[in-house]
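Listed below are the residues making up each chain.
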Amino acid sequence: MRAVATREETAVTEVLTTREGGVLTITLNRPEVFNALNAATHKALNAALEEARSDDAVRAVVLTGAGRGFCAGQDLTERDMNAKDIDLGGGLDARYNPLIRRMRALEKPIVCAVNGVAAGAGANFALACDLVIAARSASFIQAFVKIGLVPDCGGSFFLPRLAGTQRAMALAMTGDRLSAEDAERWGLIWKCFDDPVFMSEAEKISRALASGPTRSLGLIKKAMYASAGNTLAAQLDLERDLQREIGRGKDYREGVAAFLEKRKPNFTGT
Ligand code: T3D
């Protein structure tokens, strides 16, 4: 089904969601604090991801930030620094880790459109997405060490795999700012675009994904992420199983028919 392009905006608080055709755009919306994450943001972000999961009309998701920043990580004003026992692990269990798992498990592509600085959990939220693009002026900071913490939200998993141990270590230990151009060069992100065309490029990419074979995109995600913990033998078995499953879908028949008829496929995501 190719959804008719309608523009509909919901929510006016910490997270904005916009629907256009099959694309759900989720915008972190606390621009005055570079979209730092507070409890309300977490709640709204979870709700938006649940909408993306449960609604078949959503076939691609874009995550971006309002204003100059993408996301400055945990809202540091929200923590009670006078508490006798500070248990940051509890917050990760309750809020951050389920979000990262939810993003990775979503069987639809998530494009992260990094519009500005991405720091701390904000940087690692970006890396948890499936395709990461950035405005040329954006940057990535593993800010944790600057406040005496360690990377979380999967940073210590994603970084060494994407950039190699040495670069990952340096980013985490120094908390230095990495430009979008270097992030692209190092393989942390897919591409960066000049600021004036960045959002339109993000729209182009997400529209193309939303008219793609959605189930196949979901299973591509599954295969790629499973490979990190698999042997080649296990991965070959997984690929066989996924191919068996996807080969029974309508989009495969449509893809082959379109190829043979020399026309563009009309994928329905089924
Ligand atoms: O607590 C737990 O649950 C553990 C989990 C932790 C996950 C984490 O994310 S820990 C890491 C937290 N994040 C940071 O440490 C980043 C802090 N922010 C910065 O380093 C800088 O603000 C930026 C590099 C992001 C941007 O720098 P700059 O110079 O362009 O802007 P700025 O002036 O520092 O920030 C603009 C405003 O946003 C400013 O407010 P003001 O002074 O205009 O009223 C600043 O305080 C506010 N802001 C930025 N980041 C945060 C924040 N407010 C609250 N929390 C923030 N994280």
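Residues numbered from 1 in each chain as written. Predicted model: local features only at pLDDT ≥ 70, side-chain atom pairs only at ≥ 80, totals over all residues. Heavy atoms only, no water.

### Some words on the side chain of asparagine 115
Position of asparagine 115 relative to the elements: it lies in the loop between strand E6 (110-114) and strand E7 (117-119). Of note is the side chain of asparagine 115, whose polar atom sits 2.9 Å from the backbone oxygen of glycine 69. Each residue touching asparagine 115, except ones within four places of it in the same chain, is listed here: Thr64, Gly65, Ala66, Gly67, Arg68, Gly69, Phe70, Ala135, Ser137, Ala138 and Phe198. (Helix = DSSP H or I, 4+ residues; strand = E, 2+ residues; numbered from the N terminus. Polar contact = N/O pair within 3.5 Å; in protein donor to acceptor, adjacent residues only side chain to side chain. Contact = heavy atoms within 4.5 Å.)

### A few points about the packing of helix H1 (residues 39-54) against helix H2 (residues 88-105)
Two elements in contact, H1 and H2, have axes whose closest approach is 11 Å; the angle formed by their N-to-C orientations is 20°. Compared by their axis directions, H1 and H2 come out roughly parallel. In terms of crossing hand, the pair formed by H1 and H2 is left-handed. Residue-level inspection shows Ala39, His42, Leu45, Asn46, Leu49 and Glu50 of H1 in contact with H2, the latter providing Arg95, Tyr96, Leu99, Arg102 and Met103. When grouped by side-chain class, the residues that make up the contact of H1 with H2 number six nonpolar, two polar and three charged. (Axes fitted to C-alpha atoms, helices over the stretch in contact; angles between N-to-C directions. Parallel < 35°, antiparallel > 145°, perpendicular 65-115°, else oblique. Left-handed = near helix turned anticlockwise from the far one by under 90°. Nonpolar A, V, L, I, M, F, W, Y, C, P; charged D, E, K, R; others polar.)

### As for the sheet that holds E7
As summarised here, the arrangement of the four strands in space is E5-E7-E9-E10, forming an open sheet in which the pairing is mixed. Both edges of this open sheet fall to strand E5 (69-71) and strand E10 (177-179), since each of them pairs with a single strand only. Direction aside, the axes of adjacent strands within the sheet are offset by 20° on average. With three bridges joining them, strand E9 (residues 139-141) and E10 adopt antiparallel strand pairing. Bridging from a neighbouring strand, phenylalanine 140 pairs with leucine 178 of E10. Taken strand by strand, helix H3 (residues 121-128) contacts E5, E7 and E9, and its axis lies near 100° from that of E7. (Pairing = 2+ DSSP bridges.)

### What about unusual backbone geometry?
One non-glycine residue, phenylalanine 34, adopts positive backbone phi at about 50°. Note that phenylalanine 34 resides in the loop between strand E3 (23-28) and H1. Among the residues examined, phenylalanine 34 registers a relative accessible area of 26% and is labelled partly exposed. Here cysteine 153, not a glycine, exhibits a phi torsion of approximately 55°, which is positive. With respect to the secondary-structure elements, cysteine 153 resides in the loop between E9 and helix H4 (155-163). In this structure cysteine 153 comes out as buried when scored by relative accessible area, which is 2%. (Buried < 20%, exposed > 50% of the residue type's maximum accessible area, 1.4 Å probe, protein only.)

### Details of the site of the ligand
Taken together, 20 residues lie around the ligand, and Ala72, Gln74, Leu76, Arg79 and Ala121 are the ones closest in. Within the backbone of alanine 72, one N or O atom sits 2.9 Å away from a nitrogen atom of the ligand. Within the backbone of leucine 76, an N or O atom sits 2.9 Å from a nitrogen atom of the ligand. Look at the ligand: alone it shows 1,000 Å² of surface, and the protein chains cover 65% of it. (Near = heavy atom within 4 Å. Areas by Shrake-Rupley, 256 points an atom, 1.4 Å probe, with all protein chains shown as cover.)

### Details of helix H8 (residues 214-226)
If you check H8, its first and last C-alpha atoms are 18 Å apart, about what 13 residues at 1.5 Å a residue would give, namely 18 Å. Three or more residues of H8 are buried, namely Thr214, Leu217, Gly218, Leu219, Lys221 and Ala223. (Expected span 1.5 Å × (residues − 1).)

### Things to note about the packing of aromatic side chains
For the coordinates displayed, the defined rule picks out two aromatic pairs. A cation sits over an aromatic face here: arginine 104 above tyrosine 225, 3.5 Å from the ring centre. Here arginine 161 stacks its cationic end above the ring of phenylalanine 157, 3.7 Å away from the centre of that ring. (Phe/Tyr/Trp six-rings, centres within 6.5 Å; stacked < 30°, edge-to-face > 60°. Lys NZ or Arg CZ within 6 Å of the ring centre and 35° of its normal.)

### Focus: the environment of alanine 183
Assignment of secondary structure puts alanine 183 in helix H6 (residues 180-185). Residue class for alanine 183 comes out buried when judged on its relative accessible area of 0%. It is 9.8 Å that separates the C-alpha atoms of alanine 183 and isoleucine 133, two residues lying 50 residues apart in sequence. Excluding anything up to four places from it in sequence, alanine 183 contacts Phe140, Leu178, Leu188 and Ile189.

### Notes on the pairing of strand E2 (residues 15-20)
Burial of E2 is extensive: five of the six residues sit out of reach of the surface. As judged from the six bridges shared by E2 and E3, these two strands associate in the antiparallel manner. Looking at the pairing, glutamate 20 lines up with valine 23 of E3. Hairpin connection from E2 to E3: two residues lie between these consecutive antiparallel strands, with glycine 21 at a positive phi of about 60°.

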